[in-house]
Amino acid sequence: MDLVVNNGKVVTPQGVFQANIGIEGEKIATISKSPLKGDEVIDVSGKLVMPGVIDPHVHMELPFGGTVSADDFKTGTIAGAFGGVTTIIDFAIQPKGESPFSAIEARKKAAEGKVVVDFALHASLTDMEKVEDGDIRKIIEMGLPSFKLFMTYRKEGLMVDDGTLFALLQETASLKGLVGVHAENAAVLEYLIAKFLREGKTEPKYHALSRPNFVEGECINRAITLTEEANSSLYIFHMSTKEGLEAVKSAKTRGVKVLAETCPHYLMLTDEKYEENGQLYVMSPPLRKREDNEALWQGVVNGWIDVVSTDHCPFRTDQKAMGDTFDKIPNGVPGIETLLPVMFSEGLKRGMPLERLVEVLSYNPARIFGLENKGAIEVGKDADLVILDPREERTLSYETLHMNLDYSIFEGLKVKGYPVTTISRGEVIVDNNEFYGKEGRGRFIERVSGGW
Ligand code: URP
Ligand code: ZN
């Protein structure tokens, strides 16, 4: 064996068991009850061995609101690797007036040479005038079987209408593609933004007040109705409300193929954050109430929510200070490095089994998004592993995290359990607080369709 990981407690969705893992080249070659011999041996007694985390919702170097998100494909994926992330899915967002294919090529180019873990892309369509017959099939065949449609962000040039959503749902139903949505009722939130601005209410807290829970709840219900009528499947990105969760539960119960994602900030933080330095917490959808946090945690623990991602879209404090009114603050917050530590430590407190943790962070994102060689500890899969020390205690701070930022949304949070070693396709890229990977070593992964 080239590399062996001996004496670990291996975590899979089916159970937690003591095992030894042998790696040859980039693949898991054997899983054995007895310790293995190899060229390189890592003894992980007392530690957990989990499939590498897949973060299927990140925005590296994304132009937004007159600036660009602060992590590029290098800094963002190095930070991710420190947090046990071995695959990301970013977005190829079609600029209005251009073909979706140029966005895909541009995004691949932006990542290549920089990205340190494997990456894939969702196709984000914004202008159906430039999408020709057969293009959707072509995009799926190029290894991008998932799409993101923005049901809001009109002034940013990203929004599509319900007709576009319905048409894409119909087309993907036969092609086994998956449509995902950013679900917020644009007309209502635009009305509320204009009203607050007219009234001189410009502080960051009005970002949240202009996007109340029903703005998301209504939109998720609408998207589900369209999905049901199209006999298609739907993925809901970054769900933040108990109303959204109720809609998902009801749809799943009547057999609609709806998959839901939430993020650690919607589980952990509330709209009280908008009272002081609120601009640092401006993201869409916004932070909610404690009762939403608790409902979403139950959704994660009980299986109604399929994926926990980060929507990593960070801006430094100087970028967040841009604009003198709440509607001009660049939307987004960091998270890629803290996903696993926060979900492990806080999930355990809430009774989340380890099997469920690896399901929402690795197994489900791999299955749903067609990363067929990722997300599981099985012979033949890519040797993407994270070793987590359950005894390691840390206090999260931007000063010791690796994201290209001067603040953390989880500043001061004490976590117990931390990733200490990250292995990507058989290569140790992080160990003992050091990064060993080479810039640009990450590969573009062509995904397969229809896995959900
Ligand atoms: O505020 C957010 N979520 N920014 C990133 C873009 C998006 O909507 O996912
Ligand atoms: Zn979004």
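The following paragraphs examine the structure supplied in this document. These figures come from a predicted structure and were not determined experimentally. (Residues numbered from 1 in each chain as written. Chains lettered and ligands numbered in written order. Predicted model: local features only at pLDDT ≥ 70, side-chain atom pairs only at ≥ 80, totals over all residues. Heavy atoms only, no water.)

### A word on the coordination of the zinc ion (ligand 2)
The protein atoms that coordinate the zinc ion (ligand 2) are Lys148 (NZ), His182 (ND1) and His238 (NE2), at distances of 2.1 to 2.5 Å. Along the chain, the residues that donate to the zinc ion (ligand 2) are spaced as K-x33-H-x55-H. Taken together, the residues span a long stretch of sequence, with Lys148 in strand E11 (residues 146-150) and His238 in the loop between strand E13 (233-236) and helix H8 (242-253) at a distance of 90 residues. (Donors = N, O, S within 2.8 Å, 3.2 Å for Na, K, Ca; no water. Helix = DSSP H or I, 4+ residues; strand = E, 2+ residues; numbered from the N terminus.)

### Quick look at the sheet that holds E11
The strand order across the open sheet formed by eight strands is E6-E9-E10-E11-E12-E13-E14-E15, and the pairing between neighbours is parallel. Two strands close off the open sheet at either side, each with one partner strand: strand E6 (53-55) and strand E15 (307-308). Both strand E14 (residues 257-262) and E15 contribute to a ladder of two bridges, which runs parallel. Bridging across to E15, Glu261 finds its partner in Val307. The sheet contacts of helix H2 (residues 100-111) involve strand E9 (85-93) and strand E10 (118-124), and relative to E9 the element is tilted by about 145°. (Pairing = 2+ DSSP bridges. Contact = heavy atoms within 4.5 Å. Axes fitted to C-alpha atoms, helices over the stretch in contact; angles between N-to-C directions.)

### Observations concerning unusual backbone geometry
Cis rather than trans, the peptide bond between Ser284 and Pro285 has omega equal to -5°. Residue position: Pro285 is located in the loop between helix H9 (264-268) and helix H10 (290-302). Even without a glycine there, the phi angle at Lys176 is positive, about 60°. Relative to the elements of secondary structure, Lys176 occurs in the loop between helix H4 (162-175) and strand E12 (178-182). Of note in the backbone geometry, Asn231 takes a positive phi value of approximately 50° without being a glycine. Considering the arrangement of structural elements, one finds Asn231 in the loop between helix H7 (213-230) and E13.

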